[in-house]
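Here's the letter readout for the chains.
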Amino acid sequence: MSTTTEKARGPRKAGAALSPAAGGSRGRKPSMGVQNAAGWLFSTPFLVLFTVFMAFPILATLVMSFTDFGLRNVTRPWEANFIGFENYVNLFGDEKFLKSLFNTGYFVVVGVPLTIGIGLVVAVLLNNGIDRARTFFRVGFYAPVVTTIVAVAVVWRFVLDPSDGLIAGLFSEVGWTAPDFLGSETLAMPSLIVMAVWRNVGTVMVLFIAGLQAIPTEVREAAKLDGASVWQEFRGITVPLLRPTLLYATVITTIGYLNVFEEPFVMTQGGPSDSTLTVSLNMYREGFNFFHMGYASAMAYVLFVVIMGITVLQLRLLKDNTK
């Protein structure tokens, strides 16, 4: 009888030991309030930095775009006069701004397709067509991305120099005179586009390589068994399955090219005759050379609206094909 009683009591004691009540406070999870407080505590450094160096300047720039804020208002910003949409109206009557807007569009329309196309071809070759020294080629194509613009400018100025440059030397070998690429209104912008494409192909290449490696090998093998050629496989399998990557690469490349600043600033200073003047460079001049900060702020928000509009358009055009 006692043995039966002990057996009956055993499971009850074990069950009691495993219950939350027996475990005391060890089995309890922190309340949602404590978890939220901890999350905000760990996020505070980022939030402070973001507010001070990002959110506040963005809002301050928006306010400045509706004023005549200039050099005299740097120490006394409250004395700036509110002028409404006058800066925005003046922008679209400013020939220099319209010229910079056209130059930026030219840079994007030509540069983005070249960057995406060359990056895709290079990625396909490095992923499938090249077996030896693949890592060497990948590093070589990506090296310009992590190279500073000053170093890139020095190299390209030497390459494009009309008297002692690399291209001038090649022209002289056949008895020709090399054109002044950076001093010609016709050739200056295409020269900057070539340099920008060379510098940014590596980023697009890395994105496409990641997308290509995510394509199931079974799909490729099935296409080969069906007798698909290399071009048919690329057009019917590779490109459709790469559309999400293509969308991302196109969007970030377009945004970067719409904000183009370093290339014309270092290489041509916007010349000759404003043929390489972009919106970002024009904005910099108005804000920090002429101290028309309210006018430059309006220019910044016009560029922001253009970037948002083009990005939304790209998302709608390419997103439908990714479904």
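Scoring rules and cut-offs
Residues numbered from 1 in each chain as written. Predicted model: local features only at pLDDT ≥ 70, side-chain atom pairs only at ≥ 80, totals over all residues. Heavy atoms only, no water. Helix = DSSP H or I, 4+ residues; strand = E, 2+ residues; numbered from the N terminus. Buried < 20%, exposed > 50% of the residue type's maximum accessible area, 1.4 Å probe, protein only. Contact = heavy atoms within 4.5 Å. Areas by Shrake-Rupley, 256 points an atom, 1.4 Å probe, with all protein chains shown as cover. Phe/Tyr/Trp six-rings, centres within 6.5 Å; stacked < 30°, edge-to-face > 60°. Patch = residues over 30% accessible without salt bridge, like charges linked within 9 Å, V, L, I, M, F, W, Y side chains within 5 Å. Salt bridge = Lys/Arg side-chain N within 4 Å of Asp/Glu carboxyl O. pLDDT = per-residue confidence, 0-100. Core = buried A, V, L, I, M, F, W, Y, C linked by side-chain atoms within 4.5 Å. Expected span 1.5 Å × (residues − 1). Bend = angle between axes of the 7 residues up to and from the residue. Polar contact = N/O pair within 3.5 Å; in protein donor to acceptor, adjacent residues only side chain to side chain. Axes fitted to C-alpha atoms, helices over the stretch in contact; angles between N-to-C directions. Parallel < 35°, antiparallel > 145°, perpendicular 65-115°, else oblique. Left-handed = near helix turned anticlockwise from the far one by under 90°.

Engineer: Could you give an account of the overall build of the protein, naming the residues involved and the relevant values?
Structural biologist: When helices and strands are counted, the protein shows 15 helices and 0 strands. Taken across its 323 residues, the protein has 34% of its residues classed as buried. Restricting to contacts in the protein with at least 6 residues of sequence separation, those with at least 24 account for 66%. With an accessible surface of roughly 20000 Å², the protein has 68% of that area assigned to carbon and sulfur atoms.

Engineer: How would you summarise the packing of aromatic side chains if you had to cite specific residues and measurements?
Structural biologist: All told, the structure shown has 15 aromatic pairs when counted by the stated rule. Residues Tyr284 and Phe288 carry aromatic rings whose centres are separated by 5.6 Å and whose planes lie at 35 degrees to one another, so their mutual orientation is tilted. Note that Tyr284 and Phe288 are positioned in helix H14 (residues 279-289) at a spacing of 4 residues, about one turn of the helix. Residue Tyr284 is classed as partly exposed on the basis of its relative accessible area of 30%. The exposed category is assigned to Phe288, whose relative accessible area is 56%. Joined through ring pairs, the aromatic side chains of Phe66, Phe82, Phe85 and Tyr88 make up one cluster.

Engineer: Lay out a nonpolar patch on the surface in plain terms, naming residues and giving numbers.
Structural biologist: Among the surface-exposed residues, Trp40, Phe46, Leu47, Val48, Leu49, Phe50, Val52, Phe53, Met54 and Ile58 lie close enough to one another that they form a single nonpolar patch of about 1000 Å² accessible area. Tracing the chain through its elements places Phe50 in helix H3 (residues 32-64).

Engineer: Can you break down the environment of Val302 residue by residue, with the values?
Structural biologist: Its place among the elements puts Val302 in helix H15 (residues 293-319). Sequence separation between Val302 and Tyr88 is 214 residues, and the spatial gap between their C-alpha atoms is 8.0 Å. In this structure, Val302 is in contact with Tyr88, Leu91, Phe92 and Phe97, ignoring residues within four places of it in sequence.

Engineer: Please give an account of the confidence of the model for the protein that cites residues and values.
Structural biologist: Summarising the model, the protein shows a mean pLDDT of 84, and 88% of its residues fall at 70 or more. Note on residues 13-23: pLDDT is under 50 here. Beyond four places in sequence and across chains, it has 2 contacts.

Engineer: Now, about the nonpolar core: what can you tell me, with residues and values included?
Structural biologist: With 51 residues, the main nonpolar core has Phe107 and Phe208 as its most contacted residues. When residues of this core are traced back to their parent elements, those giving at least two are helix H4 (86-91), helix H5 (95-129), helix H7 (149-160), helix H9 (188-213), helix H12 (243-258), H14 and H15. With 12 residues, the top contributor of residues to this core is H9.

Engineer: With reference to specific residues and values, describe H3.
Structural biologist: With 33 residues, H3 extends only 41 Å from end C-alpha to end C-alpha; this falls clearly short of the ideal 48 Å at 1.5 Å per step. Where H3 bends most, the angle comes to about 50 degrees, and this point is Thr44, followed within four residues by the proline Pro45.

Engineer: An account of the side chain of Thr238 is requested, with residue identities and associated values reported.
Structural biologist: Here Thr238 is to be found in helix H11 (residues 230-241). Looking at Thr238, the relative accessible area reads 3%, which means it is buried. Once you skip the residues sitting within four places of it in the chain, Thr238 turns out to touch Leu212, Ile215, Arg220 and Glu233.

Engineer: A description of the side chain of Thr268 should follow, citing residues and the corresponding values.
Structural biologist: On the secondary structure map, Thr268 appears in the loop between helix H13 (262-267) and H14. On the basis of relative accessibility, which here comes to 13%, the residue Thr268 falls in the buried class. At a separation of 2.6 Å, a polar atom in the side chain of Thr268 contacts the side chain of Thr276.

Engineer: Talk me through unusual backbone geometry; I want residue IDs and the actual numbers.
Structural biologist: At the junction of Gly271 and Pro272, the peptide bond is cis and its omega measures out at -5 degrees in the coordinates. Mapped onto the secondary structure, Pro272 falls in the loop between H13 and H14. One non-glycine residue, Ser273, lies in positive phi territory at about 55 degrees. The phi torsion at Asp274 lies on the positive side, around 60 degrees, for a residue other than glycine.

Engineer: Let's hear about the pattern of salt bridges: which residues, and what values?
Structural biologist: When charged atoms on two side chains of opposite charge get close, those side chains can pair. Going through the model one piece at a time under the given rule, you end up with 5 salt bridges. Between Glu263 and Arg199 there is a salt bridge; the shortest N-O distance is 3.7 Å. Taken as a pair, Glu263 in helix H13 and Arg199 in helix H9 lie far apart in primary sequence, 64 residues in all. According to the relative accessible area criterion, Arg199 is buried, its value standing at 16%. Of the charged contacts, one joins Arg285 and Asp274 as a salt bridge, the two residues approaching to 3.8 Å between their closest N and O atoms. Here Asp274 lies in the loop between H13 and H14 and Arg285 lies in helix H14, a separation of 11 residues in the sequence.

Engineer: Tell me about the packing of H12 against H15, and name the residues and values.
Structural biologist: Packing of H12 against H15 leaves a shortest axis separation of 10 Å and a crossing angle of 165 degrees. When the axis of H12 is compared with that of H15, the two are roughly antiparallel. Regarding H12 and H15, the two cross each other, and that crossing is right-handed. Contacts from Arg243, Leu247, Thr250, Val251, Thr254, Ile255 and Leu258 of H12 reach H15 at Leu303, Ile307, Ile310, Thr311, Gln314, Leu315 and Leu318.

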